[in-house]
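A look at the structure
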Amino acid sequence: YSSMPNSLLNIFASTHNPTSRTGFQVYPNPSFGQITIDSDEAFDNVILFNNIGREVRTEKFKSTNKITINFSGLCPGLYYLRVHDETIKILIEL
């Protein structure tokens, strides 16, 4: 990790295994390309990072408490999803 920018190190440091946090849930996990984010607080974007911390997609939308996002164009693998300044692991399969 020594060559990664500090912002990427923070993403990995804040990552936890559960797919449910106080205030929001992400399901299904693993996913076959489509995930739903359900939150107690409204949000207007999510950021998806690959397994080395590189941002691969940002989704912006009207502020909401629940949204379903299609990630089916991505390669299968482990990703990190950032919502509300928290990052969780998700697994995308084919």
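This text gives an overview of the structure that appears in the document.

About the criteria used
- Residues numbered from 1 in each chain as written.
- Predicted model: local features only at pLDDT ≥ 70, side-chain atom pairs only at ≥ 80, totals over all residues.
- Heavy atoms only, no water.
- Helix = DSSP H or I, 4+ residues; strand = E, 2+ residues; numbered from the N terminus.
- Polar contact = N/O pair within 3.5 Å; in protein donor to acceptor, adjacent residues only side chain to side chain.
- Contact = heavy atoms within 4.5 Å.
- Core = buried A, V, L, I, M, F, W, Y, C linked by side-chain atoms within 4.5 Å.
- Buried < 20%, exposed > 50% of the residue type's maximum accessible area, 1.4 Å probe, protein only.
- Phe/Tyr/Trp six-rings, centres within 6.5 Å; stacked < 30°, edge-to-face > 60°.

With that settled, the discussion passes to the side chain of Thr36. If you trace the backbone, Thr36 turns up in strand β4 (residues 34–49). In terms of polar contacts, Thr36 uses its side chain to reach the side chain of Thr68, at 2.9 Å. Apart from residues no more than four positions distant in its own chain, Thr36 is found in contact with Gln25, Val26, Tyr27, Lys66, Ile67 and Thr68.

Where a protein is soluble and globular, its nonpolar side chains tend to be buried together. Ranked by size, the top nonpolar core spans 18 residues in total, and within it Val26, Ile37, Val46, Phe71, Leu81 and Ile90 carry the most contacts. Here this core gets five residues from one element, more than from any other, and that element is β4.

This part is about the packing of aromatic side chains. The tally for this structure, following the rule as stated, stands at one aromatic pair. Relative to Phe61, the ring of Phe43 has its centre 5.6 Å away and its plane inclined at 85°; by these criteria the two rings are edge-to-face. Of this pair, Phe43 sits in strand β4 while Phe61 sits in strand β5 (residues 55–70), and the two are 18 residues apart along the sequence. Each of the two residues, Phe43 as well as Phe61, counts as buried.

Worth remembering: the numbers are spatial, not functional.
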